[in-house]
Amino acid sequence: MKTIRLGDVAPNFTAKSTEGEINFHEWLGNSWGVLFSHPADYTPVCTTELGTVAKIKQEFDNRNVKVVALSVDGLQSHYDWITDINETQNTKVNFPIIADEDRNVSVLYDMIHPNADSKLTVRSVFIIAPDKTVKLIITYPASTGRNFDEILRVIDSLQLTAYHKVATPANWNNGEDCVIVPSVTNEEIPSLFPKGHTEVKPYLKITPQPNWN
Ligand code: BEZ
């Protein structure tokens with residue numbers, strides 16, 4: 001297993017999932033992707049997490065992001081658990097869950113942290129860009145359910161950087177002022193940022209958030 005770092009190409013794999021066999025890179029196509037692991041089926045925090053992702057799936061679709069979950073449980077367990085998630089979380093799971101019984105993907109993505117738990121995956125999150133490079137890695141403890149609004153917030157930030165040459169300051173939220181990335185020259189600023197900008201310091205230039213389209 002090679003350590004995965006930001007900027008690396010996300011390792012490709014083929015795996016069984018609740019929506020059929022997935023070749024990860026083919027399945028991603030030209031989309032952004034979120035790959036996230038959870039410790040086990042039929043656990044309380046995971047049940048709420050997968051229900052939450054199902055409810056906000058449209059938010060990922062709107063951003064051209066495909067989501068896929070993973071645990072080391074088998075396919076039948078996933079199918080049976082989905083019935084519970086749908087019932088208890090009042091939703092319908094609408095994204096694939098990988099059944100990584102042989103742990104191929106978990107090992108490839110370093111999702112098993114033996115000093116936390118030698119058998120189960122931790123709560124890893126990977127955000128992957130359309131060029132298949134890894135843009136974000138976060139690892140949460142098993143006992144803490146993830147904040148998926150934060151995942152969407154980071155996707156918004158990454159997409160603003162990729163498509164509009166701005167970065168986002170501390171605690172930024174969608175709609176708030178952004179900072180112009182340092183690689184943009186002063187000559188380029190007027191055409192790239194027609195809403196104007198404020199130069200606080202030569203290295204800190206603020207601009208209203210660019211329009212998404
Ligand atoms: C859960 O997934 O619900 C969970 C896992 C480990 C510790 C506590 C909760």
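Residues numbered from 1 in each chain as written. Predicted model: local features only at pLDDT ≥ 70, side-chain atom pairs only at ≥ 80, totals over all residues. Heavy atoms only, no water.

Chemist: Just checking my understanding: could you explain the site of the ligand for this structure?
Modeler: Every residue near the ligand is listed here: T43, P44, V45, C46, R123, A142 and S143. Backbone polar atom of P44 to an oxygen atom of the ligand: 3.1 Å apart, as the coordinates give it. Contact between the ligand and V45: an oxygen atom at 2.6 Å from a main-chain N or O atom of the residue. Expressed as a share of its isolated accessible area of 260 Å², the protein-covered part of the ligand is 69%. Tallying contributions element by element places helix α2 (residues 44–55) first for the shell around the ligand, with three residues. Classifying every residue of the shell around the ligand gives four nonpolar, two polar and one charged. (Near = heavy atom within 4 Å. Polar contact = N/O pair within 3.5 Å; in protein donor to acceptor, adjacent residues only side chain to side chain. Areas by Shrake-Rupley, 256 points an atom, 1.4 Å probe, with all protein chains shown as cover. Helix = DSSP H or I, 4+ residues; strand = E, 2+ residues; numbered from the N terminus. Nonpolar A, V, L, I, M, F, W, Y, C, P; charged D, E, K, R; others polar.)

Chemist: Explanation requested: the sheet that holds strand β5 (residues 97–99) in the structure shown.
Modeler: Two pairing modes exist for strands in a sheet, parallel and antiparallel, and in both the strands are linked by backbone hydrogen bonds. Reading across from one edge, β5-β4-β3-β6-β7 is the order of the five strands in this open sheet, with mixed pairing throughout. With one partner strand each, in any of the chains shown, β5 and β7 (134–140) form the two edges of the open sheet. On average, adjacent strands in this sheet sit at an angle of 20° to one another, irrespective of strand direction. Where strand β3 (residues 32–37) meets strand β6 (residues 123–128), four bridges bridge the pair, whose relative direction is antiparallel. Looking at β6, one finds that L35 is bridged to F126. In the packing of helix α4 (residues 75–89) onto the sheet, contacts are made with β4 (65–71) and β5, and the angle to β5 comes to roughly 150°. (Pairing = 2+ DSSP bridges. Axes fitted to C-alpha atoms, helices over the stretch in contact; angles between N-to-C directions. Contact = heavy atoms within 4.5 Å.)

Chemist: Any chance you could explain unusual backbone geometry here in plain terms?
Modeler: It is generally the case that most residues other than glycine have a negative phi and that most peptide bonds are trans. Within the chain, N64 stands out as a residue other than glycine whose phi angle is a positive 60°. Despite not being glycine, D110 shows a phi value in the positive range, around 55°. On the basis of relative accessibility, which here comes to 33%, the residue D110 falls in the partly exposed class. (Buried < 20%, exposed > 50% of the residue type's maximum accessible area, 1.4 Å probe, protein only.)

Chemist: Honestly, the pattern of salt bridges in this entry has me stumped. Any pointers?
Modeler: Should their charged atoms come close, side chains of opposite charge can pair. Per the counting criterion, the structure on display carries eight salt bridges. A salt bridge links R63 to D156; the shortest N-O distance between them is 2.7 Å. Placement of the pair is R63 in the loop between α3 (57–62) and β4 and D156 in helix α6 (residues 148–164), with a sequence separation of 93 residues. On the accessibility criterion, R63 (15% relative accessible area) is buried. (Salt bridge = Lys/Arg side-chain N within 4 Å of Asp/Glu carboxyl O.)

Chemist: Is there a simple way to explain α4 in this structure?
Modeler: Given 3.6 residues to a turn, an α-helix orients residues that are three or four positions apart in the same direction. Here α4 spans 20 Å end to end across 15 residues, near enough to the 21 Å set by a 1.5 Å rise per residue. Looking at α4, one finds that the buried residues are H78, W81, I82, I85 and Q89. One face of α4 carries all of its buried residues, which in axial projection span an arc of 120°. Exposed residues lying more than 90 degrees from the buried face of α4 are Q76 and E87. Structurally, α4 contributes buried residues whose contacts are with α2, β4 and β5. N90 sits one or two residues past α4 and shows a positive phi near 55°. (Expected span 1.5 Å × (residues − 1). Arc of directions from axis to C-beta.)

Chemist: Looking at this structure, I do not really get the packing of α2 against α4. What am I missing?
Modeler: Helix packing for two helices is described by the angle between their axes and how far apart those axes are. Look at α2 against α4: their axes get within 9 Å of each other, and the N-to-C directions meet at 70°. In this view, α2 runs roughly perpendicular relative to α4, as classed from their interaxial angle. Touching C46, T47, T48, L50, G51 and K55 of α2 are W81, I85, T88 and Q89, all from α4. For the contact of α2 with α4, the per-class residue count stands at four nonpolar, five polar and one charged. (Parallel < 35°, antiparallel > 145°, perpendicular 65-115°, else oblique.)

Chemist: I'm lost on the sheet that holds strand β8 (residues 166–167) in this one. Help?
Modeler: Strand order in the open sheet formed by four strands is β8-β9-β11-β10, and the pairing between neighbours is antiparallel. Lying at the two open borders of the sheet, with one neighbouring strand each, are β8 and β10 (198–201). Across two bridges, strand β9 (residues 178–180) lies against strand β11 (residues 204–207) in antiparallel orientation. Note that in β11 the partner of V179 across the bridge is I206.

Chemist: Where do I start with α2 in this structure?
Modeler: Between its terminal C-alpha atoms α2 stretches 17 Å, which fits the 16 Å expected from 12 residues at 1.5 Å a residue. Those residues of α2 lying buried are C46, T47, E49, L50, G51, V53 and A54.

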